[in-house]
Amino acid sequence: MITGPGLLFVVSGPSGAGKDTLVAALRGRRPSLRYSVSATTREPRPEEQAGEHYFFVSRQEFGRLRDGGGLLESREYNGNLYGTPRDYIERSLTEGYDVIMKPEVNGALAIRAAFPDAVLIFVVPDRFSNLRERLLARRTETNEEIARRLEIATREMKFIRQFDYIVVNEQDRLEQAVRDLEAILQAERFRIHRYPDDSIRRVESS
Ligand code: 5GP
């Protein structure tokens, strides 16, 4: 009966907290949810597909995109550039689709500055030591890279209070974390201020 514009969900938290798996599982359950694919200068990992996991671009292409205003935000993370394409998000929200994305923590806060209505969700592992285990288990980074990611993670944890929600991704309990994330999406959808005033007026006078 009432519809509103799409909502923007920003899932962030330290590398290794499991946000990739979590968001992938959520998307499996909510096919209408649109995913914002970032641009990066990082080399693709063996299982990664261009255009699906990232738009893999050169530093030069990235610079052109950013300087032309094509990115909502961009960050250097561990020696590589990452950025959020503007058009896809703006178009999807206007068309009424909910969008999910998973930038690192500073990117999440920059997105909030651009979209004050965005919902910021911080994913943490149940124990900080699990971060290291997860990064080791995925075997895509060298030991040096893992050490750097853990250093960044320690800094990222300090931003937690600027987020709206926290989801604890417990070891071996992915299902629970996906359900928690879904509950957040569901609840946000029902908030009165999310709806255009004329929609609410129609309800009031019905
Ligand atoms: P990874 O190399 O593991 O795919 O990503 C490294 C970090 O960059 C992760 O924390 C990931 O969430 C973040 N990231 C991915 N895309 C973006 C983006 O568009 N903007 C920002 N700020 N961070 C991103």
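Look up: the structure comes first, before these words.
Residues numbered from 1 in each chain as written. Predicted model: local features only at pLDDT ≥ 70, side-chain atom pairs only at ≥ 80, totals over all residues. Heavy atoms only, no water.

(A) Representation of the environment of Ala39. Tracing the chain through its elements places Ala39 in strand E3 (residues 38–40). Judged by its relative accessible area of 1%, Ala39 falls in the buried class. Each C-alpha atom, one on Ala39 and one on Pro85, is 7.0 Å from the other, the two residues being 46 residues apart in sequence. Ala39 has contacts with Phe55, Phe62, Leu65, Leu81, Tyr82, Gly83 and Pro85, leaving out every residue within four places of it along the chain. (Helix = DSSP H or I, 4+ residues; strand = E, 2+ residues; numbered from the N terminus. Buried < 20%, exposed > 50% of the residue type's maximum accessible area, 1.4 Å probe, protein only. Contact = heavy atoms within 4.5 Å.)

(B) Expanded view of the site of the ligand. Residues in contact with the ligand amount to 17 residues; listed here are only the nearest, Ser38, Arg42, Tyr54, Glu73 and Tyr82. Arg45 is positioned such that a nitrogen or oxygen atom in its side chain is 2.9 Å from an oxygen atom of the ligand. Note that an oxygen atom of the ligand is positioned 2.6 Å from one of the side-chain N or O atoms of Tyr54. Here the ligand loses 96% of its free accessible area of 510 Å² to cover by the protein chains. Looking at the shell around the ligand, the elements with two or more residues in it are strand E5 (71–77) and strand E6 (80–85). (Near = heavy atom within 4 Å. Polar contact = N/O pair within 3.5 Å; in protein donor to acceptor, adjacent residues only side chain to side chain. Areas by Shrake-Rupley, 256 points an atom, 1.4 Å probe, with all protein chains shown as cover.)

(C) Representation of the sheet that holds strand E8 (residues 119–125) in the model. Taken in spatial order, the 5 strands make up an open sheet running E2-E7-E1-E8-E9, and their pairing is parallel. The open sheet terminates on both sides in strands that have one partner only, identified here as strand E2 (34–35) and strand E9 (165–169). As paired elements, strand E1 (residues 8–12) and E8 share 4 bridges and run parallel to each other. When the bridges of E8 are listed, Val11 appears paired with Ile121. Lying over the sheet, helix H3 (residues 86–94) contacts E1, E2 and strand E7 (99–101), oriented at roughly 150° with respect to E7. (Pairing = 2+ DSSP bridges. Axes fitted to C-alpha atoms, helices over the stretch in contact; angles between N-to-C directions.)

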